[in-house]
Amino acid sequence: MSLTVAVQMDPLESINIAGDSSFALMLSAQARGHRLFHYAAEDLNYAAGRVWAAARPVKVQRVVGDHFAAGDPVSLDLGAEADVVLMRQDPPFDLGYITATHLLERIAGRTLVVNDPVSVRNAPEKVFVLDYAQFMPPTLITRSLDEARAFLAEHGEIVIKPLHGNGGKAIFKVGSDGANLSALIEVFNQTWREPHMVQAFLPAVAKGDKRIVLVDGEVAGAINRLPGEGEIRSNLAVGGSAVKTELTDKEREICAVLGPELKGRGLLFVGIDVIGGEWLTEINVTSPTGIVAIERFDGTDVAGLIWDAIERKVAARAA
């Protein structure tokens, strides 16, 4: 089965091919004989029921500094000429991102969009996870300084982060003395119109923040991300390091509960974050990462598992 695959992502020129999951997916698709096109979300167009993009045909290779070759842009009808669209642009999860999901929703009945655009729009990482509060650390969603102070008094130490942040950006720890809490809430309220996420600080984060990847609802692998020196954040994008890991019984329980719901929503490639072997903090559906590190540690071809699932779904649509 040879597929035409349109990849909606950030500029290929800027990616780090050593660990980029989108690039790994493109390499895997190309190895299977699929034809690749690349475009950015801002290249989307709509008229008279059609959604198209100015997309470049591309070939990729794992050569630093020479990792892709692109042809001239063509007007690619995503509903008629593409079999699969990979929605892989990085957040912020803003109106541009949401608009892209609205446009891609219009072709979802004809072309397989991964992940499903309606479900991506309805499942922002730090909001969707609230459906599974039984697995979460104590959590407050607020813009109120008084509410944040009361939460700090109850839990001793807290972290504050943007509700639609990503990559470990703008995550702050506040100690029991509350120093800088009022200033942080002031800055957050001036920067973001939405409320913010406040959580009890988990000392276990010093031992890592586990990224578990699920493919079509099934566990495909995991890595443990360790914070850098002097950091509480373990995201690889802010200096964390990845190490080999195994799942705890609690983590398997979490995955067993989440898996059927993710599969049912068309969330085929998902990365969940768990601290201390038991505390679920995020469900990443927009542009999850981690598959390159998993393959490096475990030898599991997660990109291959993702394409197996995609090919099954495309074949089922055609049957």
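Residues numbered from 1 in each chain as written. Predicted model: local features only at pLDDT ≥ 70, side-chain atom pairs only at ≥ 80, totals over all residues. Heavy atoms only, no water.

Here we take up the sheet that holds strand E15 (residues 241-243). Taken in spatial order, the 5 strands make up an open sheet running E15-E14-E13-E16-E17, and their pairing is antiparallel. For this open sheet the edge positions go to E15 and strand E17 (279-284), each flanked by a neighbour on one side alone. Averaged over all neighbouring strand pairs, the angle between strand axes comes to 30°, with direction disregarded. Pairing between strand E13 (residues 209-215) and strand E16 (residues 269-275): 7 bridges, direction antiparallel. Residue pairing for E16: Val215 is matched across the bridge by Phe269. Where helix H8 (residues 291-298) meets the sheet, it contacts E13, strand E14 (218-226), E15 and E16, and its direction lies at approximately 90° from that of E14. Packing of helix H9 (residues 302-318) onto the sheet brings it into contact with E13, E14 and E16, and relative to E13 it is tilted by some 35°. (Pairing = 2+ DSSP bridges. Helix = DSSP H or I, 4+ residues; strand = E, 2+ residues; numbered from the N terminus. Axes fitted to C-alpha atoms, helices over the stretch in contact; angles between N-to-C directions. Contact = heavy atoms within 4.5 Å.)

This part is about the pairing of strand E1 (residues 4-8). Of all the 5 residues making up E1, 5 are buried; the element is thus mostly covered by neighbouring parts of the structure. Burial of E1 is two-sided: the residues Thr4, Ala6 and Gln8 facing one way and the residues Val5 and Val7 facing the other way are all buried. As defined by bridge partners, E1 adjoins strand E2 (residues 35-39) across 5 bridges and the pair is classed as parallel. Note on E2: the bridge partner recorded for Val5 is Leu36. As for the winding sense of the linkage, the β-α-β connection from E1 through helix H1 (residues 21-31) to E2 is right-handed. For E1 and strand E7 (residues 84-87), the ladder comprises 4 bridges, and the chain directions are parallel. Within the sheet, the bridge partner assigned to Val7 lies in E7 and is Leu86. (Buried < 20%, exposed > 50% of the residue type's maximum accessible area, 1.4 Å probe, protein only. Right-handed = clockwise from strand over helix to strand, strands pointing away.)

Attention shifts here to the packing of helix H5 (residues 145-155) against helix H6 (residues 181-191). At a minimum axis separation of 10 Å, H5 and H6 run at an interaxial angle of 140°. Classified by the angle their axes make, H5 and H6 are oblique. The handedness of the crossing between H5 and H6 is right-handed. Contact with H5, carried on its side by Leu145, Ala148, Arg149 and Leu152, involves Leu181, Ser182 and Ile185 of H6 and no other residues of that element. (Parallel < 35°, antiparallel > 145°, perpendicular 65-115°, else oblique. Left-handed = near helix turned anticlockwise from the far one by under 90°.)

With that settled, consider the side chain of Asp273. In this fold, Asp273 is placed in strand E16. Under the relative-accessibility criterion, Asp273 is labelled buried at 4%. One polar contact links Asp273 to Arg211, side chain to side chain, over a distance of 2.7 Å. Once residues lying within four places of it in the same chain are set aside, the contact partners of Asp273 are Asp209, Lys210, Arg211, Arg225, Trp279, Leu280, Thr281, Glu282 and Asn284. (Polar contact = N/O pair within 3.5 Å; in protein donor to acceptor, adjacent residues only side chain to side chain.)

Computed from the structure, the second largest pocket encloses a volume of approximately 190 Å³. What lines the second largest pocket is Pro92, Phe93, Asp94, Ile98, Pro162, His164, Gly165, Asn166, Lys169, Ala170, Trp192 and Glu194. Within the lining of the second largest pocket, the residues separate by chemical class into 6 nonpolar, 3 polar and 3 charged. (1 Å grid on protein atoms, 1.4 Å probe; cavity = no way out; pocket = protein on both sides within 12 Å on 5 of 7 lines; lining within 4 Å. Points joined across faces, edges and corners; volume = space filled by probe spheres on them. Nonpolar A, V, L, I, M, F, W, Y, C, P; charged D, E, K, R; others polar.)

In terms of nonpolar packing, the biggest core is built from 43 residues, with Tyr39, Leu78, Leu104, Ile272, Leu280 and Ile283 touching the most fellow members. Those elements that place two or more of their residues in this core are E2, strand E4 (50-60), E7, helix H2 (95-105), E13, helix H7 (249-264), E16 and E17. Ranked by the residues each element gives to this core, the list is headed by H7, at 4 residues. Ignoring any residue separated from it by four or fewer positions in sequence, one finds Leu280 in contact with Val129, Tyr132, Phe135, Met136, Pro137, Ile254, Leu258, Ile272, Asp273 and Val274. (Core = buried A, V, L, I, M, F, W, Y, C linked by side-chain atoms within 4.5 Å.)

Turning our attention to H1. Taking burial as the measure, the 11 residues of H1 include 9 buried ones, the bulk of the element. All buried positions along H1 are accounted for by Ser21, Ser22, Phe23, Ala24, Leu25, Met26, Leu27, Ser28 and Ala29.

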